[in-house]
Amino acid sequence: MSGVSPFFANDVFRTRDVVIFVKSKTIPVMIDTSMQTGGWPGGQGVTWLDDPNNDTFQVTYSDGRFGGFLLWGSNEASDQYIAYYKNQPTYRFAVMAVGPWVISTTTFEQYTYASRTGGGPLVPNVYTPGEKLRFSLRGYFTPEDEWTLSGDPRAPNEIFVARVIQPPVPTINNNYLELQSMM
Amino acid sequence: MPFPPPTGTFKIDFGGIDLIRSRDCVVFVKGETFEVSVDPAMLASGWPGGQGVRWVNSSTDNFTVTYSDGRFGGYLIWGSLESADQYTAMTGQQLVYGNAVMVAGRGLISTSSYERYTYASRLGGPPFVPLVYTASTPLFFSLRGLWTIEDELSLSGSPLAPALQAGVVAQVPKDVNEFFLGVQTTL
C-alpha cells in the first residue's frame, strides 16, 4: 500500500446530461415557448430573450451568444417516474448556471460544423485540454466559431464560455466532455 | 385536466409578480459584496444605486473607489440618497460615514442607472438619440460609470480602450418593468 489515493478509480456515475463537480451561481429563469415545445438537454446554452409585455427574465436556445447553460434537461432519463418528470417544461422554468462551474456533460458538438451541414461523412470535433469553447448555433459547447463558419454577420464569435478540462473518451469518462465554464 | 396539461394552459404566472421597483437597483441574484470607502468626489456629489465604480489610490489603508470612467471595479448597490431611504436609519448614512457597498461577480439586477442616449448625441448636444437596448447585448460602464451598450472608451479615443464587458442585457427597459434595465453581471 503506497498511501496514494487512486483518484483514477473514482467511478463517477454519469446518469445525467450534466454532472457537477464544482458549483457556481444559479439563476432561475423562464423559458420561451420554443423551448417549452422543443425541449432541451442538460448543459444547453441559452441566451436572454425579451418579451415586451412581460416583466420576466426569459431565455431561449443560444445561437452563439451567452446567457448561461441550463443545469437540467427538460426530460432526462433520470427524471422518469419521479416527481420531477417534465416539471420544467410544464411550469415553463429552468435553472440557468453562470460563473466558473466544473462539469462533465454530453451536450457538446460531436462533429464539425462543416460535416454536420455539408451532408458528407461526419467528422469528429477534436477537443484539447485547455482549449477555449464557444456555444454553437444551437447552443452546444464547441471548439469551433460557427458564426464565422456559417458566414454570420456577427462573426467572429469571441464569446468564450468555457475551457476544456478533459476531452470525451469512452473508456475514461463515458464520452462526456469535462469543462470549466467561464462567464 | 390531462397530464401534462396542454401547452400554455397551466404555468406559473411569472407575469403577475408585480415587483415594486422602489430603489435604483433591485437585486434578483446577488454577487459578491465589498465594503468600500468612497473618495471625496463621490462624497461631494453623491451617486445613484447601480453606479459603476473603480478602484482609486488612497492616503489611508482603506479600499477606496471613485466613479468609474469606463474601467471596472464593481457597482454600488445603494444610492447615496435614494427616496426609499428617506425617514429611515439609512438617510444619508453612506455619505456621513464615507462608506458604500460595492458588488462584483455574477448576479442579476434591474436598475435605473443606465445611459438613455448615445455617447455622440450626449456630447454633441440636442437632439439626443436614444440608445436601443436589446436582449443579450454586451454591457459596459460609460465614462461616468452608468451601464451602457456603447464602448465609450473606444468612442472617445481613450488610451484605456477597449472597455471590459461588465454585463449582458437580460431585460430591456419597457413599460411593464418601469423602464428599468435588467443586467446579468459578468465581472
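Residues numbered from 1 in each chain as written. Chains lettered and ligands numbered in written order. Predicted model: local features only at pLDDT ≥ 70, side-chain atom pairs only at ≥ 80, totals over all residues.

With respect to the overall build of chain A
For the record, the criterion: Working definition: helices are DSSP H or I runs of at least four residues, strands are E runs of at least two. Numbering for both runs from the N terminus. Only C-alpha atoms enter the radius of gyration, while the globule expectation follows 2.2 Å times N to the 0.38, with N the number of residues. Buried, partly exposed and exposed are defined by the number of other C-beta atoms within 10 Å of a residue's own C-beta, namely 20 or more, between the two limits, and 12 or fewer respectively, with C-beta atoms placed from the backbone.
On a plain count of helices and strands, chain A comes out with five helices and 11 strands. Taken over the C-alpha trace, chain A has a radius of gyration of 17 Å; the compact-globule value for 183 residues is 16 Å, and the two agree within 12%. Considering only C-alpha atoms, chain A reaches an extent of 65 × 45 × 30 Å along its principal axes. Looking at the 183 residues of chain A, the share that counts as buried comes to 43%.

Describing the overall build of chain B
We count it as follows: What counts as a contact here is a pair of residues whose C-beta atoms, placed from the backbone, lie within 7 Å.
The helix and strand tally for chain B stands at four helices and 11 strands. Taken over the C-alpha atoms alone, chain B extends approximately 70 × 40 × 30 Å along its principal axes. Counting over 187 residues, chain B shows a buried share of 38%. In chain B, once contacts between residues fewer than 6 apart in sequence are set aside, the share between residues at least 24 apart is 66%.

Topic: the interface of chain A and chain B
Spelled out, the test is: Amino acids are sorted into nonpolar (Ala, Val, Leu, Ile, Met, Phe, Trp, Tyr, Cys and Pro), charged (Asp, Glu, Lys and Arg) and polar (every other residue, Gly among them).
The interface of chain A with chain B comprises 26 residues on the first partner and 26 residues on the second. When contributions to the side of chain A that touches chain B are tallied by element, the ones reaching two or more residues are β2 (25-31), α1 (33-38), β3 (45-49), α2 (87-91) and β6 (93-98) of chain A. Grouping the constituent residues of the side of chain A that touches chain B by class yields 11 nonpolar, nine polar and six charged.

With respect to the domain arrangement of chain B
Interface extent is often summarised as the accessible area lost during association of the parts. All names here are of chain B. To keep it simple, the criterion reads: For the domains described, the bounds stem from an automatic or database domain assignment.
The domain architecture assigned to chain B consists of domain 1 (28-106) and domain 2 (119-185). Placing the centre of domain 1 and that of domain 2 at their C-alpha centroids yields a distance of 20 Å. Contacts between the two partners involve 12 residues from domain 1 and, on the opposite side, 16 residues from domain 2. For the side of domain 1 that touches domain 2, the per-class residue count stands at three nonpolar, six polar and three charged.

Concerning the nonpolar core
Worth spelling out the cut-off: In these notes, a nonpolar core means any group of buried Ala, Val, Leu, Ile, Met, Phe, Trp, Tyr and Cys residues linked to one another through C-beta atoms within 7 Å.
Formed by 74 residues in total, the largest nonpolar core has its most connected members in Val29, Leu70, Met96 and Phe141 of chain A together with Leu76 and Met102 of chain B. When we break this core down by domain, the ones giving at least three residues each are domain 1 (28-106) and domain 2 (119-185) of chain B.

Side note on the sheet that holds strand β7 (residues 102-105) of chain A
Residues and elements named next belong to chain A. Applicable threshold: Should DSSP find at least two bridges between two strands, the strands are taken to pair.
An order of β1-β7-β11-β10-β8-β9 is seen for the six strands of this open sheet, with the pairing classed as antiparallel. Every interior strand has two partners, whereas the edge strands, β1 (18-22) and β9 (141-142), have only one. Alignment of β7 against strand β11 (residues 177-181), held across four bridges, turns out to be antiparallel. Along β11, the bridge assignment pairs Ile103 with Leu179.

Section: the sheet that holds β2 of chain A
All names here are of chain A. The criterion, for reference: Here the axes come from fitting lines to C-alpha atoms, over the contacting stretch only for helices, and the angles between their N-to-C directions go from 0 to 180 degrees.
As summarised here, the arrangement of the five strands in space is β2-β4-β3-β5-β6, forming a closed barrel in which the pairing is mixed. Ignoring strand direction, the axes of neighbouring strands in this sheet form an average angle of 55°. Where β3 lies against strand β5 (residues 68-70), two bridges are found, and the strand directions are antiparallel. Within β5, the position partnered with Val46 by the bridge is Gly68.

Remarks on the environment of Val132 of chain B
Relative to the helices and strands, Val132 of chain B resides in the loop between α3 (119-124) and β8 (138-141). With 14 residues separating them in the primary sequence, Val132 of chain B and Thr118 of chain B have C-alpha atoms 9.0 Å apart.

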